[in-house]
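Observations on the three-dimensional arrangement
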Amino acid sequence: QVQLVESGGGLVQAGGSLRLSCAASGRTLSTYGMGWFRQAPGKEREFVAAIGRSGGSTDYADSVKGRFTISRDNAKNTVYLQMNSLKPEDTAVYYCAARRTYGLGPSRYDYDYWGQGTQVTVSS
């Protein structure tokens, strides 16, 4: 199993940037494909970005494409989400997730392990 802990959330003005980190322990992170999801109050948890085991392939939700970048450093057992040009509609709790299976699909049901989440608030 793997344990995931997110950090880096906070309050930022529209147009600003944040970098989220997801630190893993318990297993080598390279064993897993990784994803970021977010959930706003009263809404379903939605896909944000995914990255393959070696970092060679990525996928993004249309709403964040061109603004967010997912990356990983397997030597540090860490996954990142760089968020630029933030908008108020990006406000949500952001979750890091790991999957044992191949694929970059957006379904949350494909992921096996989840972090506790970190709050991102973007003011207008």
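Okay, so let's go over this structure. (Residues numbered from 1 in each chain as written. Predicted model: local features only at pLDDT ≥ 70, side-chain atom pairs only at ≥ 80, totals over all residues. Heavy atoms only, no water.)

Before going further, it helps to examine the state of the cysteines. This model, assessed by the stated rule, comprises 1 disulfide. What pairs with Cys22 in a disulfide is Cys96, and their sulfur atoms sit 2.1 Å apart. Handedness of the Cys22-Cys96 disulfide follows from its S-S torsion of about -80°: it is left-handed. Of this pair, Cys22 sits in strand E3 (residues 18–25) while Cys96 sits in strand E9 (residues 92–99), and the two are 74 residues apart along the sequence. As far as the burial class goes, Cys22 and Cys96 line up, both buried. (Disulfide = S-S within 2.5 Å. Helix = DSSP H or I, 4+ residues; strand = E, 2+ residues; numbered from the N terminus. Buried < 20%, exposed > 50% of the residue type's maximum accessible area, 1.4 Å probe, protein only.)

Bringing the packing of aromatic side chains into the picture now. Considering all chains together, one arrives at 5 aromatic pairs under this definition. One aromatic cluster in this structure is built from Phe37, Phe47, Tyr111 and Trp114. Above the face of the Tyr95 ring, Arg45 is positioned so that its terminal group lies 3.7 Å from the ring centre. (Phe/Tyr/Trp six-rings, centres within 6.5 Å; stacked < 30°, edge-to-face > 60°. Lys NZ or Arg CZ within 6 Å of the ring centre and 35° of its normal.)

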